[in-house]
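The residues making up each chain are set out below.
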Number of protein chains: 2
Amino acid sequence: MSWQIEALKAKTILEASIPTQWLLPKDKLPPSDQKNVADFPRTSGLFTDRELSITDMSATALVKGMGAGLLSAEEVVIAFLKRAVLGHQLLNFATEFLAENAIARAKELDAHYKRTGKVVGPLHGVPISVKEHIGMKNRTCNAGYVAWVNDIAPEDALILQCLHKAGAIFHVRTNQPQSLMHICCTNNLTGTTTNPYNRALSPGGSSGGEGASMGFRCAPLGIGTDIGGSIRCPAAFCNAYGFRPTMRRNPTQGIKSPEPGQEAILGVVGPLAAQSLDDLELFQRAVLDASPWDSETSLVPLPWKRVEEKREFTVGIMWDDGIVRPHPPITRALELAKSKLQASGIKVIDWHPYNHAHGWDIISTLYFPDAAQSQKHLLSQSNEPILPLTSWAFGYSRATPLSVAEAWALNVSRDEYRDEYNALMKERGVDFILCPAYVGVAAVLGESQYWNYTAIWNVLDFPAVVFPTGMKVEDGDVQNGNEMGAWRARSEVEEREWRKWWVDPSRYLGAPVGMQVVGRHFKDEETLAAAKVVEEVVCGLEGERKRV
Amino acid sequence: MSWQIEALKAKTILEASIPTQWLLPKDKLPPSDQKNVADFPRTSGLFTDRELSITDMSATALVKGMGAGLLSAEEVVIAFLKRAVLGHQLLNFATEFLAENAIARAKELDAHYKRTGKVVGPLHGVPISVKEHIGMKNRTCNAGYVAWVNDIAPEDALILQCLHKAGAIFHVRTNQPQSLMHICCTNNLTGTTTNPYNRALSPGGSSGGEGASMGFRCAPLGIGTDIGGSIRCPAAFCNAYGFRPTMRRNPTQGIKSPEPGQEAILGVVGPLAAQSLDDLELFQRAVLDASPWDSETSLVPLPWKRVEEKREFTVGIMWDDGIVRPHPPITRALELAKSKLQASGIKVIDWHPYNHAHGWDIISTLYFPDAAQSQKHLLSQSNEPILPLTSWAFGYSRATPLSVAEAWALNVSRDEYRDEYNALMKERGVDFILCPAYVGVAAVLGESQYWNYTAIWNVLDFPAVVFPTGMKVEDGDVQNGNEMGAWRARSEVEEREWRKWWVDPSRYLGAPVGMQVVGRHFKDEETLAAAKVVEEVVCGLEGERKRV
């Protein structure tokens, strides 16, 4: 049996699931060489004003609207489904539509509201897109591997159970890369997902389908997973919001992974949002209010705290991680952020990174302690081709599995590094770090090779929030003089990453600029609250982006 | 260099540290064949009434006394030091006395109190004995290995820093077995510690020096560590209190172990107390009020909660773990507990253990994932003889190290087992489990081979409290008819363990009977509160034991 025949099953499931009534004939779609399609819903005339309004609303606003009887859950989910079908035609971001179930659930919610005058919970009627490897009862779950194309999830993942209880509706499942270890989104099952702001660019990864879903507003909220940047890069690449919580807060039961039991570095599950940081918090509170630790005992029983949005904190700006200097649009955005933060009275100092190369050595080894044998075995089971970015990721792996004693030594290094970094932040009086989410804006498809602006916070297990600055790469950025000048790369890695910008900056036209706010271990609530303040200062004054 | 010469260094440090002014001439000591020496301080005439009163007080009462100006920290620490020196002569429980520092610190505390009229913290002037492998700045730390006899700790362990800040005084360091993996207390450095209630019996282990310290009242509080029962068995064997908290609550920085970085099963550090459960809580609150997670980032930031001592809970009594039926004194104590609990209106049902053999398979493999190579390497470094109970423990190890993938599979089994056990308690409506702390009362020296009445709660990571029932093995227990009768052991293991009782019950004369109360993961505060209620019912009505 050839892998292609197996892989076709995933495509068949996807295609059979698309609600055809909302498919646009091919000749009405923008030409395939039109890169930026983010505005197509508005300019196409396909959507009513009400549908456009609905799909521009935050989850928070939608729940308010439904709670006030101004919106029905059914019309909301239909508007987003319609937009998602179009988004899929343009970006190939879905792996399965759940239209029938979603609409039925919306009708139930509407009936409940009609009967009681009340919403069922804090996410009443909110459509949420879900990364494919988060298991859904009685549906396939392949996690990007052809070998798993027939696997059926026995239960809904625990996080879905929590969100369902809060009233959420799951209307579409989304794409991920082979191995889940690309900051990009290509697999041998349903292909490549692209970026709504520039279809030659990556939507990020591994939650790339979620990035596209948020960027095109196919849902107000999405669920991704992150072990090295897989929530935050898609958010940054696609003009969206993303949150990587501290490990062992959100439930991971029922999420499929090729390394179950690997716990030296845990992937986390968390939200992406299309419209606002408030929605990330709404999501977190709904999940933790369900006390998931009561059944998934490896979680820490920490309810989501209410914290004040204070302005009395110190932000350390990290301009450069000491390894690869960010591309010019990122640095310019940080400069603008700095001046606005200072003008608003927030204390800002420079953050000098603490040995990020060491942090990367630790985490990149911990990604594949078994020399990626579990992943390679899975790939060989189906005989599917190993994609270039999969090979790239496997390149971080050592040639042979770690011994138990070597793994322990790495754990010790990891804990020491965490404690040292934590102590340094306290010593320098820095509460939060503002830094790039990636070395540049969205990578060109297939070129996302440098992970350490996000992965560093995974090895440290620091909560991290990404928000869009409202800035985009424009002609001005592209036409700037050659800033390379006398600059010389510190390493081959830096040379490689810089070349990606300078070879032709126009490749990035239209790409949004995101930013990352990072806090100390378990300071999830404080970090999200600080990110709101930073965002308000950086974006609010700019006036380019509203908070819905 | 022979291992004996190296080992002698530990003995030299110990002997040089003994405050000779309190040494009793050998001819005044009870004869070496006198087994029970627990009452010797009272009957010997060596202590003033005031000294006896002080050493009979709980930490809670001592702090109250010092806070009211009725006691000085100096007289308190001197009374306990005096008792500890005698205890050491009788039981060989110390590895190093810290008399000079302890008295100097007591004087500082007294001066502070004189100056301010206030205590420095909740443990003001409380003498605490400390298991040797908990590092003390600039002192040796051998963790029971001759190879480490020269190792110097660079800092005080974080838990000592927390306790010091709260006002505690460390006056004596205590013995532990070779490898830290015996429920007994013998090493090649300072020898064997014995049980104050019967010197032919073990004080338990691995915190055996702490067991003896509590049993002989050499300190109101002690610090032990526990990865399979090492706090709880010494407490149970020595008529004392012990608490095994959930992992990642108490700080472990600076505690020496041969497997740093091993985190599939973590040893925990926690208190033993001579007088009361309240003292265990006093200790826990003092440690967690110091926010140790602020520097040891692998800890969970959960402050010690205040919970009410309610009586509305259900206790499941576990009579038997399904593998080895407990010895008759234990069963009789449980029967008495059951009737008293029922009489007091507390809901009691039988707890049927859930696959404890499976739990043991998991944890016994996780003790030595590297096939005990790290331990064996340490032993071979000094060439010290491997003691019988060390070989016994190594017998649980597999012949070859686990591969990374095998270790992951075990982690998955462990988490599934935890979730299933947790779900079962919820399903059966059982809040707390009351069970033996060990298959019998204190083991005969060298015979403690069965760990699973305590280790099962380590694999489950459930908090567990041991308290003394006030009952002791008396002639009546010994003269009871042969209860074996038609009974047939279910296995060789059960046969082996039962034989230890029936071969000659009189071996256990004088041994106290402890009991264990267990709660769900992270329900530390609730479990300790429930244990107080259970203890009050089981012991208070009995009138045999006071709560000070």
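Rules behind the numbers
- Residues numbered from 1 in each chain as written.
- Chains lettered and ligands numbered in written order.
- Predicted model: local features only at pLDDT ≥ 70, side-chain atom pairs only at ≥ 80, totals over all residues.
- Heavy atoms only, no water.
- UniProt positions renumbered as here; feature names shortened; annotations may be inferred.
- Least-squares fit on C-alpha atoms with pLDDT ≥ 70 in both.
- Contact = heavy atoms within 4.5 Å.
- Buried area = accessible area lost by both parts, 1.4 Å probe.
- Salt bridge = Lys/Arg side-chain N within 4 Å of Asp/Glu carboxyl O.
- Polar contact = N/O pair within 3.5 Å; in protein donor to acceptor, adjacent residues only side chain to side chain.
- Helix = DSSP H or I, 4+ residues; strand = E, 2+ residues; numbered from the N terminus.
- Nonpolar A, V, L, I, M, F, W, Y, C, P; charged D, E, K, R; others polar.
- Axes fitted to C-alpha atoms, helices over the stretch in contact; angles between N-to-C directions.
- Parallel < 35°, antiparallel > 145°, perpendicular 65-115°, else oblique.

The name an unreviewed UniProt entry assigns to chain A is amidase, from the organism Aspergillus coremiiformis. In its Catalytic activity (unreviewed entry) section, the UniProt entry covering chain A states "a monocarboxylic acid amide + H2O = a monocarboxylate + NH4(+)". What the UniProt record of chain A gives under Sequence similarities (unreviewed entry) is the line "Belongs to the amidase family."

## Thoughts on the relation of the copies chain A and chain B
Under the fitted operation, chain A is carried onto chain B by 0.0 Å of movement along the axis and a turn of 180°, and the coordinates agree to an RMSD of 0.0 Å. Put plainly, the chains are arranged around a two-fold axis. Take the interface residues of chain A: 100% of them recur as interface residues in chain B, which is what a same-surface contact looks like.

## Here's the deal with the interface of chain A and chain B
Contacts between the two partners involve 33 residues from chain A and, on the opposite side, 33 residues from chain B. Surface buried jointly by chain A and chain B totals about 2,700 Å² across both partners, of which 54% is contributed by carbon and sulfur atoms. When the buried area of chain A at its contact with chain B is split by residue, A:Glu263, A:Thr297 and A:Trp408 rank highest and sum to 25% of it. The interface formed by chain A and chain B includes 6 salt bridges. Linking B:Glu263 and A:Arg414 is a salt bridge whose minimum nitrogen-to-oxygen distance equals 2.7 Å. Our count for the chain A to chain B interface comes out at 18 residue pairs in polar contact (both at pLDDT 80 or more). No other element matches the 10 residues that helix H15 (residues 404-428) of chain A contributes to the side of chain A that touches chain B. Here the residues of the side of chain A that touches chain B are counted per class, giving 12 nonpolar, 10 polar and 11 charged.

## Section: the UniProt feature "binding site: substrate" (unreviewed entry) in chain A
Residues and elements named next belong to chain A. As recorded in UniProt, the sites labelled "binding site: substrate" (unreviewed entry) are Leu180, Ser206, Ile227, Gly228, Gly229 and Ser230. Their sequence span is 51 residues, while the largest C-alpha to C-alpha distance among them is just 11.1 Å; these annotated residues converge on one region. Each residue touching leucine 180, except ones within four places of it in the same chain, is listed here: Lys131, His133, Ala143, Ser206, Ser230 and Lys256. With sequence-adjacent residues up to four places away left out, serine 230 is seen in contact with Lys131, Leu180, Gly205, Ser206, Ser207 and Thr225. Side-chain polar atoms of serine 230 contact the backbone nitrogen of serine 206, separated by 2.9 Å.

## Some words on the packing of helix H11 (residues 328-343) of chain A against helix H19 (residues 524-540) of chain A
All names here are of chain A. The interhelical angle for the contact between H11 and H19, taken along N-to-C directions, is 105°, at an axis separation of 9 Å. When the axis of H11 is compared with that of H19, the two are roughly perpendicular. The residues of H19 that touch H11, namely those facing Ala337, Lys340 and Leu341, are Val534, Val537 and Val538. A breakdown of the residues in the contact of H11 with H19 according to their chemical character gives 5 nonpolar, no polar and 1 charged.

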